[in-house]
Amino acid sequence: MIDVFVRDLGSTYYPEIFCKMRDYSRARDMTSNDEIWITEHNSVFTLGQAAKKEHVLAPGLIPVYQSDRGGQVTYHGPGQITVYFLVDIKRLSISVRQLVDQIESVMIRCVAKYGITARRLSGAPGVYVDNKKIGSLGLRVTRGKSYHGMSLNVDMELEPFSRINPCGLSGMKVTQVASYRLCDIEDVKLDLLQEISRVFGFRLHRLDNSLI
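Definitions and limits used
Residue numbers run consecutively from 1 along every chain, following the written order of its sequence. Two thresholds apply to this predicted model, a pLDDT of at least 70 for residue-level local features and 80 or more for giving and counting side-chain atom pairs, whereas whole-chain, interface and lining totals are computed over all residues. Only hydrogens and water are set aside when side-chain values are computed; all heavy atoms of the structure are taken into account. A run of H or I in DSSP becomes a helix once it reaches four residues, and a run of E becomes a strand once it reaches two; helices and strands are each numbered from the N terminus. With the radius of gyration taken over C-alpha atoms, the globule rule is written as 2.2 Å times the number of residues to the power 0.38. Every residue pair with non-hydrogen atoms within 4.5 Å of one another is taken to be in contact. Shrake-Rupley sampling with a 1.4 Å probe provides the accessible areas, and residues are treated as covered by the protein chains on show and by no other component. His residues and chain termini do not enter the charge count, which takes Lys and Arg as positive and Asp and Glu as negative. Charged side chains are reduced to one point each, which is NZ for Lys, CZ for Arg, CG for Asp and CD for Glu. Pairing between two strands is assigned when DSSP locates at least 2 bridges connecting them. Axis definition: a line fitted to C-alpha atoms, over the contacting stretch in the case of helices. Angles run 0 to 180 degrees between N-to-C directions. Partly exposed describes any residue whose relative accessible area lies between the buried limit of under 20% and the exposed limit of over 50%, with all areas from a 1.4 Å probe on protein chains only and scaled to the type maximum. Here, a salt bridge means any Lys or Arg side-chain nitrogen found within 4 Å of an Asp or Glu carboxyl oxygen.

Asker: Kindly report on the overall build of the protein, identifying the contributing residues and their values.
Answerer: Along the backbone of the protein there are four helices and eleven strands. What you see for the protein is a C-alpha radius of gyration of 16 Å, in line with the 17 Å of a compact globule of 212 residues. Considering only contacts within the protein whose residues lie at least 6 apart along the sequence, 72% involve residues at least 24 apart. When the accessible surface of the protein is totalled, it reaches about 9500 Å², and 50% of it is carbon and sulfur. One finds the centroid of the 27 positive side-chain charges in the protein at a distance of 6 Å from the centroid of its 23 negative side-chain charges.

Rendered as structure tokens:
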């Protein structure tokens, strides 16, 4: 198994974490640890590199930030688990496509523990339940190193998604684990980490949040 270090950052401000993971990825070398950062962001809309601003319909007081990940526009907020994969995919001997597939598998396997059947949709990265999006992903890979990652809607306020075209898809509805089963976000977080370990073959080591 591969040793990977987990930082549970708690509640965070998106721009700060974005800058830190980008800087970590740019500075790392062959000896740097692979890390997973897990967080709940304060409310924010983020734009991927391909995002069209017209997909942000009515942001109101929620800030909008440009990111360097792939994909379109999405929303992050309390009650949603965001997981960032700061891994050397060259060292792991996996492709970007395999990384995407494995992250989607993690979310599908995790929600299955709550009696939810999720699936992929062709041409629309992420995972879906009854044609509603429950999990999103967007990545950046540079010099064989990845950052950014996935977000799973657990028990959150879904209204802000109505202010955008999620992932650039007009009329796309969103859902969450709590719409199907009562859940505790800390339990879902542990289930996600368990599935990350199983799907990727990682031996996870918990670190404190000294990053910030």
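Asker: Could you give me a rundown of the sheet that holds strand 9 (residues 132-142), with the residues and numbers involved?
Answerer: Pairing within the open sheet is mixed, and its eight strands lie in the order 7-8-9-10-6-2-1-11. Two strands in the sheet have a free side with no partner beyond their single neighbour: strand 7 (119-121) and strand 11 (202-207). Strand after strand, the sheet turns through a mean of 25° between neighbouring axes, direction not considered. With two bridges connecting them, strand 7 and strand 8 (residues 124-129) associate as antiparallel partners. The residue bridging Arg119 from the neighbouring strand is Tyr128, located in strand 8. Along the sheet, helix 3 (residues 96-112) contacts strand 6 (80-86), strand 7, strand 8, strand 9 and strand 10 (145-153); its crossing angle with strand 9, the most-contacted strand, is approximately 150°. Against the sheet, helix 4 (residues 185-200) touches strand 1 (2-12), strand 2 (35-41), strand 6, strand 10 and strand 11, its axis set at about 30° to strand 6.

Asker: An account of the pairing of strand 5 (residues 73-76) is needed here, citing residue identities and associated values.
Answerer: Neither face of strand 5 is exposed, since Val73 and Tyr75 on one face and Thr74 and His76 on the opposite face are all buried. Summarising the sheet, strand 3 (residues 44-47) and strand 5 pair through four bridges and their orientation is antiparallel. The partner of Val44 across the bridge, within strand 5, is His76.

Asker: Got a sec to walk through the pattern of salt bridges? Specific residues and values, please.
Answerer: A full pass over the atoms with the stated rule returns 15 salt bridges. Among the ionic pairs, Arg7 bridges to Glu35, the shortest N-O distance being 2.8 Å. One end of the pair, Arg7, is in strand 1; the other, Glu35, is in strand 2, with 28 residues separating them in the sequence. For the pair shown, Arg7 and Glu35 are each scored as buried. Note that Glu104 and Arg120 form a salt bridge whose closest N and O atoms lie 2.7 Å from each other. Of the two residues, Glu104 is situated in helix 3 and Arg120 in strand 7; the sequence distance between them amounts to 16 residues. Salt bridges here are not isolated pairs; linked through shared partners, they connect Arg109, Lys113, Asp191, Glu195 and Arg198.

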